[in-house]
Amino acid sequence: MKNYINEKKGLMSWLFSLDHKRIGVMYLVTIFAAFAIGGFAALALRFELLSPDKIMLTAKQYNQAFTLHGAIMVFLFIVPSIPATLGNFLLPLQIGANDVAFPRLNLASFHIYILGAIFCIASIILGSVDTGWTFYTPYSTTTDTAVITMVTGIFILGFSSILTGVNFISTIHYLRAPGMGWFRMPLFVWSLYATAIIQVLATPVLAITLVLLLLEKVWGIGIFDPAIGGDPVLFQHFFWFYSHPAVYIMILPAMGVMNEVVTTFCRKNIFGYGAIAYSSIAIAIISFLVWGHHLFTSESEVAATIFSFLTFLVAIPSGIKIFNWIATMYKGSIDLSTPFLYFLGFLFLFVIGGFTGIFLGALAIDVHLHDTYFVVAHFHYVMFGGTLYAFISGLHYWWPKMFGKMYSESWAKVAYWFIFIGFNLTFFIQFIMGSKGMPRRYYSYIDEFQIYHQISTVGSWLLAIGFIIMLIYLVKSLTSGKKAHANPWGALTLEWTELPSPPAYHAFEKSPIVTKGPYEYGVEES
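Residues numbered from 1 in each chain as written. Predicted model: local features only at pLDDT ≥ 70, side-chain atom pairs only at ≥ 80, totals over all residues. Heavy atoms only, no water.

Side note on helix H9 (residues 273–286)
Relative to the 20 Å expected for 14 residues at 1.5 Å per residue, H9 spans 20 Å between its end C-alpha atoms, a close match to the ideal helical length. Those residues of H9 that are buried lie in contact with helix H7 (187–219), helix H8 (232–266) and helix H10 (301–329). (Helix = DSSP H or I, 4+ residues; strand = E, 2+ residues; numbered from the N terminus. Expected span 1.5 Å × (residues − 1). Contact = heavy atoms within 4.5 Å.)

Some thoughts on the packing of aromatic side chains
Inspection of the entire model under this criterion finds 58 aromatic pairs. Here Phe-32 and Phe-391 contribute two aromatic rings whose centre-to-centre distance is 6.0 Å and whose plane-to-plane angle is 45°, an arrangement assigned as tilted. Of the two residues, Phe-32 is situated in helix H2 (residues 20–48) and Phe-391 in helix H13 (residues 373–403); the sequence distance between them amounts to 359 residues. Ring geometry for Phe-235 against Phe-239: centres 6.0 Å apart, planes inclined by 20°, an arrangement best described as stacked. Highlighted residues: Phe-235 and Phe-239, both in helix H8, separated by 4 residues, approximately one helical turn. (Phe/Tyr/Trp six-rings, centres within 6.5 Å; stacked < 30°, edge-to-face > 60°.)

What to know about the environment of Ala-327
Among the structural elements, Ala-327 can be located in helix H10. In this structure the C-alpha to C-alpha distance between Ala-327 and Ile-270, which are 57 residues apart in sequence, comes to 8.4 Å. Aside from chain neighbours lying at most four places away, what touches Ala-327 is Lys-268 and Phe-271.

Some words on the nonpolar core
Residues Phe-75, Trp-325 and Phe-346 are the most contacted members of the largest nonpolar core, which totals 160 residues. For this core, the leading source of residues is H8, giving 19 residues. Not counting the four nearest positions on each side in its chain, Phe-75 is found in contact with Pro-80, Trp-133, Phe-135, Ile-154, Leu-157, Leu-206, Phe-239 and Tyr-242. Tyr-62, Tyr-373, Ile-429 and Tyr-443 belong to the second-largest nonpolar core, a separate cluster that totals 16 residues. (Core = buried A, V, L, I, M, F, W, Y, C linked by side-chain atoms within 4.5 Å. Buried < 20%, exposed > 50% of the residue type's maximum accessible area, 1.4 Å probe, protein only.)

Section: the packing of H9 against H10
Contact geometry of H9 with H10 gives a least axis separation of 9 Å together with a crossing angle of 160°. One finds that H9 runs roughly antiparallel with respect to H10. Like other packed secondary-structure pairs, H9 and H10 cross with a definite hand, here left-handed. Two secondary-structure elements touch here, H9 through Ala-275, Ile-276, Ser-279, Ser-280, Ala-282, Ile-283 and Ile-286 and H10 through Leu-310, Leu-313, Val-314, Pro-317, Ser-318, Ile-320, Lys-321 and Asn-324. (Axes fitted to C-alpha atoms, helices over the stretch in contact; angles between N-to-C directions. Parallel < 35°, antiparallel > 145°, perpendicular 65-115°, else oblique. Left-handed = near helix turned anticlockwise from the far one by under 90°.)

Let's talk about the pattern of salt bridges
In this structure the tally under the stated criterion is 3 salt bridges. One salt bridge connects Lys-60 with Asp-144, and the closest N-O pair in it is separated by 3.3 Å. In this pair, Lys-60 sits in helix H3 (residues 59–94) while Asp-144 sits in the loop between helix H5 (139–142) and helix H6 (147–174), placing the two residues 84 residues apart along the sequence. Judged by its relative accessible area of 67%, Asp-144 falls in the exposed class. The shortest N-O distance in the salt bridge between Asp-371 and Arg-440 comes to 2.7 Å. Of this pair, Asp-371 sits in the loop between helix H12 (363–369) and H13 while Arg-440 sits in the loop between helix H14 (409–435) and helix H15 (450–480), placing them 69 residues apart in sequence. (Salt bridge = Lys/Arg side-chain N within 4 Å of Asp/Glu carboxyl O.)

Digging into the packing of H14 against H15
Put simply, H14 and H15 touch, their axes get as near as 7 Å, and they point 155° apart. Taken as axis vectors, H14 and H15 run roughly antiparallel relative to one another. In this structure, H14 crosses over H15, and the sense of that crossing is left-handed. Classifying every residue of the contact of H14 with H15 gives 23 nonpolar, 8 polar and no charged. (Nonpolar A, V, L, I, M, F, W, Y, C, P; charged D, E, K, R; others polar.)

Focus on the side chain of Thr-493
Inspection of the secondary structure puts Thr-493 in the loop between strand S2 (482–483) and helix H16 (494–497). Here Thr-493 falls in the buried class, since its relative accessible area comes to 3%. Beyond its immediate chain neighbours, meaning those up to four positions away, Thr-493 contacts Gln-94, Pro-186, Glu-260, Pro-518 and Tyr-519.

Let's talk about the side chain of Ser-279
In this fold, Ser-279 is placed in helix H9. Of the polar contacts made by the side chain of Ser-279, one reaches the side chain of Lys-321; its length is 3.1 Å. When residues no more than four places from it in sequence are discounted, the contact partners of Ser-279 are Pro-317, Ile-320 and Lys-321. (Polar contact = N/O pair within 3.5 Å; in protein donor to acceptor, adjacent residues only side chain to side chain.)

Looking at unusual backbone geometry
Residues Thr-137 and Pro-138 are joined by a peptide bond in cis, for which omega reads 5°. With respect to the helices and strands, the residue Pro-138 is situated in the loop between helix H4 (103–125) and H5. Its identity as a non-glycine residue notwithstanding, Phe-135 has a phi of 55°, on the positive side. Topologically, Phe-135 is positioned in the loop between H4 and H5. The residue Arg-441 is not glycine, and still its phi comes out positive at about 70°. Within the secondary structure, Arg-441 is located in the loop between H14 and H15.

With respect to a nonpolar patch on the surface
Together, Phe-47, Ile-55, Met-56, Leu-425, Val-458 and Trp-461 make up an exposed nonpolar region whose accessible area comes to about 470 Å². Take Val-458: it is sitting in helix H15. With relative accessibility at 37%, the residue Val-458 sits in the partly exposed group. (Patch = residues over 30% accessible without salt bridge, like charges linked within 9 Å, V, L, I, M, F, W, Y side chains within 5 Å. Areas by Shrake-Rupley, 256 points an atom, 1.4 Å probe, with all protein chains shown as cover.)

In structure tokens:
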């Protein structure tokens, strides 16, 4: 049977395809490659930290490794992960469209992403970068490493993000199927809409900031140099004005995936559809107001107090989602398949990440915890325990639809437990280290922290084993997996109810007529 995979053959038919499904799959492959590079850098860091003395890396190589890990994971993996892969593949299908509003722009976004990735990877060959992924001045303007190449790559990646955001907003506004009003859209679509708003409004600020950094480094224009009237803290304000909204570029699509998974595997209408939809928009708006909590130790007391309040405020719409997911599970007919296991892991880990964020939002506590391993652990519980867990959950949920094959459920659960145990072993111990005063990013440390680092490193090995198992069974499923039915999970959104697995090149022969909401399992909720 013809589908989007076998409709056209040859590498060129993929690389220059205008089909949103093929573009989503190409993003998936490249993003996984970026994840592998960032993961190898993380394993190198953790191996080096087994001992306070040198094992394998010099101090400069260590700085380069953690910069590479951060920059690759943030800009090449986490930011584009869900929108570029699952978003590209599923957004048109969930609203009853055959493609995004601007297919050629979509392909251009992918090619721009590849170009930016080439620059970022080239920086490794040209001497790598040792500034940390935030590129703080004045060090980034004085170091002799490949800052220009890396920053140019990230500048290029920003255009891919902006163009994708414009495309998604246009698609959602103009290509919804007849009968699909705003409150009949799947909540994953709502999350992509809120994310696209942030991408379009915040990413240009990063682009301008990086251009200023390049001008400072090449021509010494002085905007961040205090010796000639500049201000290095201004760079931090510019950078975090984008990068804190970017946290929600990462987490909002993850929350959208969780909405789809919890309803399907609980066989219940989502509790509080409207509250979840509006909370996504609220997060997008408030995300622009909280950048200053990254500068508590370098700004005025009045500014710090205001940003502390706003930090607590942004937790409210996130909390709404948590409570609604729990209410959805209440008295549901729960199916503990792999996608739902990752949902439960997300719920557990993201709540820990959220609660520890409250400590960092409190001024008196943050002064002690700032720039310690507590911040590293908090960030990874939100980004890894939140975004990556949701991405893996969504990938397992939609894998049968994307490729028409079922993976091994038993091996998927083995991988899940390796990843869950490994993650908590790696990062929970870092909360303890940070509260005891262990600074982050340090190449060496005093002997009392060695046992903590060793436990954390062992956890990273378990994590790696879990991901290797996952890679093996997913790849194996493509060749020898059981053929997937059109709707193996019994979901109610259009991509499951209207289309075969995998979908045809032109998914819908005629536009579906939507007459009800996406989660009406026959249970009355809110």
